[in-house]
Amino acid sequence: KQEVTQIPAALSVPEGENLVLNCSFTDSAIYNLQWFRQDPGKGLTSLLLIQSSQREQTSGRLNASLDKSSGRSTLYIAASQPGDSATYLCAAPGAGSYQLTFGKGTKLSVIP
Amino acid sequence: GAVVSQHPSWVICKSGTSVKIECRSLDFQATTMFWYRQFPKQSLMLMATSNEGSKATYEQGVEKDKFLINHASLTLSTLTVTSAHPEDSSFYICSARDLGAPTNYGYTFGSGTRLTVV
């Protein structure tokens, strides 16, 4: 059964800093890995999807990497802004499955 | 892009009543939709997999008689919380994948429903 772990659980940084969020998963036979953003009391917004054949994916100030062999993914946020404050969730399916398993998330606070 | 609409966004109900939550894929067809529950400060936990035209598959520990799922069409799945109790208060979110997308395409999530049982 897939297990997803995110570190750290919470992170507070001053505006403008670059930061890295970490995600690890136990079952490396995945189709893809997805990063989401969740604002308080809201649903999920998909940020980046990395396919199993890819090593990284970029969207604006966000860059996600995937290392299937080590069971790790990172989300890099460049030049952080207060509007980036939210909880970031990493999710991966299990082997041969489309059911997503979520990590507990990293709550990011960007201080102006 | 693919859009999933979920309604209502929030609902307050009395203990013992039933509440229905709708999840619609607006611009794509989905034979499979997923229902998640999220307790405060916790991550999303998969409750059940909703399959169009057949019975839902429930995760271990989820009462199928309490959480009724109906997936009557390729664009609509409903979750009914029956005889709701305060411990059912939670954030419920659905998701779906575009059938026409490549197999390694990601999932789209609804905006969630905040259920409060008083």
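As shown above, the structure is provided for reference.
Residues numbered from 1 in each chain as written. Chains lettered and ligands numbered in written order. Predicted model: local features only at pLDDT ≥ 70, side-chain atom pairs only at ≥ 80, totals over all residues. Heavy atoms only, no water.

1. Section: the packing of aromatic side chains
Selection criterion: Whether two aromatic rings pair depends on their centres lying within 6.5 Å, for rings of Phe, Tyr and Trp, where Trp uses its six-membered ring; planes under 30 degrees apart make the pair stacked, over 60 edge-to-face, and the rest tilted. What counts as a helix is a DSSP run of H or I of at least four residues, what counts as a strand is a run of E of at least two, and both are numbered from the N terminus. The cut-offs for exposure are 20% and 50% of the maximum accessible area for each residue type, with area from a 1.4 Å probe on protein chains only; residues under the lower value are buried, those over the upper are exposed, and the others partly exposed.
Tallied over the full model, the rule gives 7 aromatic pairs over all chains. When the ring of Phe102 of chain A is compared with that of Phe109 of chain B, the centres are 5.7 Å apart and the planes differ by 80°; the resulting orientation is edge-to-face. A residue pair is termed interchain when its members come from two chains, as with Phe102 of chain A in strand β10 (residues 100-102) and Phe109 of chain B in strand β10 (residues 108-109). Comparing Phe102 of chain A with Phe109 of chain B, the two get one shared label, buried. Ring centres 5.5 Å apart and planes at 75° place the aromatic pair Phe34 of chain B and Tyr107 of chain B in the edge-to-face group. You can see Phe34 of chain B sitting in strand β4 (residues 32-38) and its partner Tyr107 of chain B sitting in the loop between β9 (90-96) and β10, a full 73 residues away along the chain. Owing to a relative accessible area of 4%, Tyr107 of chain B belongs among the buried residues under this scheme. Clustering of aromatic rings is evident, with ring pairs tying together Phe36 and Phe102 of chain A together with Tyr36 and Phe109 of chain B.

2. A word on the sheet that holds strand β7 (residues 67-73) of chain B
Sheet strands line up and pair through hydrogen bonds in the backbone, either parallel or antiparallel. Residues and elements named next belong to chain B. Heads up, the rule is: If DSSP finds at least two bridges between two strands, the strands pair. Between N-to-C directions, angles cover 0 to 180 degrees, with each direction set by a line fitted to C-alpha atoms, over the stretch in contact for helices.
Strand order in the open sheet formed by 4 strands is β1-β3-β8-β7, and the pairing between neighbours is antiparallel. A single partner strand is all that each edge strand has here, and the edge strands are β1 (4-7) and β7. Neighbour-to-neighbour, the strand axes of the sheet open up by a mean angle of 15°, direction not taken into account. In the sheet, β1 pairs with strand β3 (residues 19-25) via 4 bridges, with the strands oriented antiparallel. In the strand pairing of β3, Gln6 is matched with Cys23.

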